[in-house]
Structures are given as structure tokens and as C-alpha cells.
Amino acid sequence: DAVNDFHFAMMNDKPRNDFYYDALKDVIKENTTLLEIGPGSGLLSMISASLGAQHVTAVEASESMAAMAQENIDKNRLASKIEILNAMSTDIDGSDLKHGKADVLFCEILGTLLLSENALEFTRDAK
């Protein structure tokens with residue numbers, strides 16, 4: 001299992017990343033906890049933490065992507081605010097969330113096709 005090439009394009013897509021930064025800035029307050037499904041590289045979780053989120057739990061199914069996200073989070077000294085769970089989001093429940101039910105659920109698992117990563121199924125399950 002390796003990192004897909006499209007992750008590099010997403011990491012360098014400034015308009016995309018600015019859009020998510022602005023959207024997250026609108027919902028993150030001092031005590032906000034977040035649940036991200038499919039963090040990939042961890043970029044959006046790191047943005048959330050840098051915007052002042054109290055805690056982010058990020059659920060990543062891919063072992064290699066979870067490891068990459070953890071490495072990025074560690075290098076950016078955000079491990080105290082972000083926890084990576086290497087699991088399918090459908091396999092976890094509230095007891096897996098150390099900080100309780102999240103205030104905000106977010107995901108960017110649309111892939112290159114609108115519904116290619118089962119975004120509707122995972123979002124429905126996470127609620």
C-alpha cells in the first residue's frame with residue numbers, strides 16, 4: 001500500500017487548501033473538537049490544530065497514509081492536538097474517541113470522482 005500520486009497534487013493545490021482553511025476557520029473555536037474521516041497526509045487536521053482546535057481525531061483506513069500523516073503531524077509538533085486512528089471509520093464508535101463526541105465532522109474523501117471513496121456512506125455512519 002503506497003501513497004497515491006493525487007495526494008501530492010492536493011497538497012500543492014493552493015486554491016483548494018485556502019478554501020478548506022477558510023471553511024475550517026469559520027467553525028473552529030477555542031474548545032472545538034473535530035473528527036476527520038480520511039485525513040490522508042494529515043494536512044486538514046494540521047490546519048485545524050493550527051487554527052486553535054482543542055483536539056482532532058483523524059481516522060485513516062490506509063496504513064501507509066496513517067503513518068505518513070503521523071510523521072507529518074510529529075514533524076509539525078502537533079501530536080498533542082491530533083490523534084490518528086488507523087481504522088475504517090465504520091469500525092470505530094464513540095468509545096474510540098478519547099475526547100468524546102466531536103463538535104465538527106469533516107472529510108475530504110471525494111477523490112478525483114465525486115463519489116469514488118464512498119463519501120456518503122462514511123459520512124452517514126460517522127454521524
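Refer to the preceding data block for the structure.
In this report, we go over the structure that sits alongside the text. Every value quoted in this text rests on a predicted model; they were computed, and no experiment measured them.

The rules behind each value
Residues numbered from 1 in each chain as written. Predicted model: local features only at pLDDT ≥ 70, side-chain atom pairs only at ≥ 80, totals over all residues. Heavy atoms only, no water. Salt bridge = Lys/Arg side-chain N within 4 Å of Asp/Glu carboxyl O. Helix = DSSP H or I, 4+ residues; strand = E, 2+ residues; numbered from the N terminus. Buried < 20%, exposed > 50% of the residue type's maximum accessible area, 1.4 Å probe, protein only. Pairing = 2+ DSSP bridges. Axes fitted to C-alpha atoms, helices over the stretch in contact; angles between N-to-C directions. Contact = heavy atoms within 4.5 Å.

With that settled, consider the pattern of salt bridges. Here the idea is simple: oppositely charged side chains can pair when their charged atoms come close. Evaluated as defined, the whole model comprises four salt bridges. The closest approach of N and O atoms between Lys14 and Asp18, which form a salt bridge, is 2.9 Å. Placement of the pair is Lys14 and Asp18 together in helix α2 (residues 14-27), with a separation of four residues, close to one helical turn. Here Lys14 falls in the exposed class, since its relative accessible area comes to 55%. On the accessibility criterion, Asp18 (34% relative accessible area) is partly exposed.

Strand-to-strand pairing in sheets goes through backbone hydrogen bonds, with the strands running parallel or antiparallel. A sheet is described by the order of its strands in space; here four strands give the open sequence β3-β2-β1-β4, paired in parallel fashion. Edge positions in the sheet fall to β3 (82-86) and β4 (104-107), since each of these pairs with one other strand and no more. Strand-to-strand, the axes of this sheet are offset by a mean angle of 20°, without reference to chain direction. Of the strands in this sheet, β2 (55-60) and β3 touch helix α4 (residues 63-75), which is tilted by about 165° from β3.

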